[in-house]
Amino acid sequence: MLHASLSAPLGSLFVLLAGANVWLMLHASSRSKDLAAHARLMRAHRLGGYTFILLFCVFFYFMALRIKGVPDELPPRLTFHVILALLLIPILLVKVLIARYYRHYSSALLFLGVTIFALSFALVAMNLVPYLLGRSTSAGAPAPVSVGFVLTICSGLGFLLLRRPRQRTPAGSPAIPNDSTDGLTADASRPEMRRRRRSSLRLQLARIDVQTHDTKTLRFLVAAKDRLSARPGQFLTFQWQIDGKAVPRSYSISSSPTQGGYVEITPKRAPNGHVSTFLNDHAAVGLEVEASGPFGQFYFNEGRDQRIVLLAGGSGITPMMSMLRYIDDRCLRTSVTLIYCVRTLRDVIFAQELTRLRRRLHALRLVLVPSRADAGWNGPRGRVSRDLIATHVDDLRSSTIFLCGPPPFMESVQEILESLAVRSECIQRESFGYTPPGVGAVADAASPLQSAIEFARSGRVCGVPPGKTLLEVAEMCGVQIPAGCRQGRCGTCITKLLPGVVHMDSEEGLEAGEKAEGYILMCVARPRGNVKVDA
């Protein structure tokens, strides 16, 4: 039988491990955007969990020895103790199975962890509290001990009630009043966002790999002083120097984010594409370029996305390849279905690597769909259809869907997914190709009224010609605003809107919290009347 002097510290450790595991799960979920911190917390959670199971086995063994030879009628307290211990066994088994093999049910892990913590606390308290009280004398506790106990309890409660945890401003609550002219306050509220979006990486082209007749992969080395921390699926905005002019373009990262020493992009030559033609025909090893980012809300999150469906059209495979390489590098058990639509089989980008990944990733289902295929092709062909998706995708409604490709492909697949009753919040979209100004630009151009924009920091007021964006007006007036893609994707030109209303052709480069706090993208923002911005 386990000695009482040893059971007390082991019991306390048992409960502490259960509580620590719940805290680690909560903390890991709040750090899901920091991949390194999230991975460290999850490793600590696994270590604590298996240590907890080991201690449980030890306690269960000695409990069995304790009741060995006891008649059928056990004392009520011991009977309840045995019931709680038996309840823990299936709960622990289910938690381990979900964590290791059924991660698409990971949302249940926190509930199971809290249940395990409550049961373990009850198990230990049932024996430990009577034991400690039984050993104490009937005399009252000394006055200093009583006072210290009361002060400790009051201090702990006061700390929990009065401490204000650091957190982001809630959605819908602006960081400062909309009529404030204190631009320094607005900028200081998001120093990390400013640093990340306006700092640049220095890259040097080190290798060129031919993928197809019109597509190449370019590998750039990251300067030793720079640090690239991307999520699988995000993009960089490059400042290409072509014929003596700076030409900004955004390209998805196709390499795995685990490769911190280099970054790869895979540009496809587009008809009349100024930059894509330069990169495919003239870029040479040694080329240097500055890039900012990474940017984008289109990314794979291993803590959130346990089952994913990748729907790619043409060069839309590039962010998907970053996700697949990341899953392979991290040996994740994520269930993946990739439906890749191309014109012909000779247009398949990453053909050899996709074949290798299909052999290595047992949870990967690859469906290649050429629009035009040779007579010997036995797979599906033509355009992606409702029947094709329904046939090849299991549990579509419980999956996170990543959709990327040319706009016509995106619109067609979006309609199919809606017809299959897929919720819009389960669909992540990334559109390739330049998006022309929307309806707002046409309406502005047709309007005879001219708006005015006031730049609060610069102290300038300028008229806004019909059809012009606020970034174009700022450049006309000599107001310096950092800019990148000029398509509303990278977020480099993010600026605080003070009084006024604007229409944005795209909001892709804004996070939900930023939009709620009154930030706009100057490169795609068009005023609806007079406006004032923090610039």
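Predicted model, so just to flag it, every value in this text is computed and none were measured.

Draft legend 1. Quick peek at the sheet that holds strand β12 (residues 451-455). The strand order across the open sheet formed by 3 strands is β13-β12-β18, and the pairing between neighbours is mixed. The open sheet terminates on both sides in strands that have one partner only, identified here as β13 (460-464) and β18 (531-533). Looking at each pair of strands side by side, their axes are set apart by 25° on average, direction ignored. Taken together, the 3 bridges between β12 and β18 define a ladder with parallel strand orientation. Directly across from E454, in β18, lies its bridge partner K532.

Draft legend 2. Structural view of the confidence of the model for the protein. Looking at the protein, pLDDT values average 80 and 79% of them are 70 or higher. When mean pLDDT is taken per element in the protein, strand β5 (residues 262-265) scores highest with 95 and helix α6 (residues 183-188) scores lowest with 34. In the model, residues 434-449 has pLDDT below 50 throughout and makes 19 contacts with residues more than four positions away in sequence or in other chains.

Draft legend 3. Examining empty space enclosed by the protein more closely. Under the definition given, this model contains 1 cavity of 30 Å³ or more. Computed from the structure, the largest cavity encloses a volume of approximately 50 Å³. Taken together, L228, A230, I253, S255, S256, P257, Q259, G260 and Y262 make up the lining of the largest cavity. Looking at the lining of the largest cavity residue by residue, the classes come out as 5 nonpolar, 4 polar and no charged.

Draft legend 4. Region of the structure containing the nonpolar core. The biggest cluster of nonpolar side chains holds 28 residues, and the ones touching the most others in it are L310, M320, L338, Y340 and L354. Elements supplying a minimum of two residues to this core: β7 (307-313), α9 (317-329), β8 (335-342), α10 (351-360), β9 (364-370) and β10 (400-405). If you tally residues by element for this core, the top one is α9, at 7 residues. Residues L497, M522, C523 and V524 belong to the second largest nonpolar core, which totals 27 residues.

Draft legend 5. Structural context of the packing of aromatic side chains. One pass over the full model with this rule turns up 10 aromatic pairs. A centroid spacing of 6.4 Å and a plane angle of 75° characterise the contact between W240 and Y251, whose relative ring orientation is edge-to-face. Taken as a pair, W240 in strand β3 (residues 235-242) and Y251 in strand β4 (residues 245-252) lie far apart in primary sequence, 11 residues in all. When its relative accessible area of 14% is taken as the criterion, Y251 is described as buried. Each residue in the set F220, F238, W240 and Y251 is aromatic and connected to the rest through ring pairs, giving one cluster. The ring of Y262 is capped by R219, whose NZ or CZ atom sits 3.8 Å from the centre of that ring. The ring of Y299 has R231 lying over it, and the distance from NZ or CZ to the ring centre is 4.6 Å.

About the cut-offs
- Along every chain, residues carry numbers that run from 1 in the direction the sequence is written.
- Residues qualify for local features only when their pLDDT is at least 70, as the model is predicted, and side-chain atom pairs are given and counted only at 80 or more; totals for whole chains, interfaces and linings, by contrast, use all residues.
- With hydrogens and water set aside, each side-chain value is computed from the structure's full complement of heavy atoms.
- For two strands to be treated as a pair, DSSP must find at least two bridges joining them.
- Each helix is a run of H or I in the DSSP string that is no shorter than four residues. Each strand is a run of E no shorter than two, and both are numbered from the N terminus.
- All axes here are fitted lines through C-alpha atoms, helices being fitted over the stretch that makes contact, and every angle between N-to-C directions spans 0 to 180 degrees.
- A score between 0 and 100, pLDDT records how confident the predictor is in each residue.
- Here, two residues are considered to be in contact whenever any of their heavy atoms come within 4.5 Å of each other.
- In this analysis the probe radius is 1.4 Å and the grid spacing 1 Å, with only protein atoms considered; a cavity is a set of points the probe fits into but cannot get out of, a pocket is an open set with protein on both sides within 12 Å along at least five of seven lines, and lining residues have an atom within 4 Å of a point.
- Grid points are joined across faces, edges and corners, and a volume is the space filled by probe spheres set on the points.
- Three classes are used: nonpolar for Ala, Val, Leu, Ile, Met, Phe, Trp, Tyr, Cys and Pro, charged for Asp, Glu, Lys and Arg, and polar for all others, with Gly counted as polar.
- Residues belong to one nonpolar core when they are buried, are Ala, Val, Leu, Ile, Met, Phe, Trp, Tyr or Cys, and are joined through side-chain atoms within 4.5 Å.
- The classification of residues rests on relative accessible area computed with a 1.4 Å probe and restricted to protein chains. Under 20% of the type maximum is buried, over 50% is exposed, and intermediate values are partly exposed.
- Stacked, tilted and edge-to-face pairs are distinguished by plane angle, under 30 degrees for stacked and over 60 for edge-to-face with tilted covering the rest, among Phe, Tyr and Trp rings (Trp via its six-membered ring) whose centres lie within 6.5 Å.
- In this scheme, Lys NZ or Arg CZ marks a charge over a ring once it lies within 6 Å of the ring centre and within 35 degrees of the ring normal.

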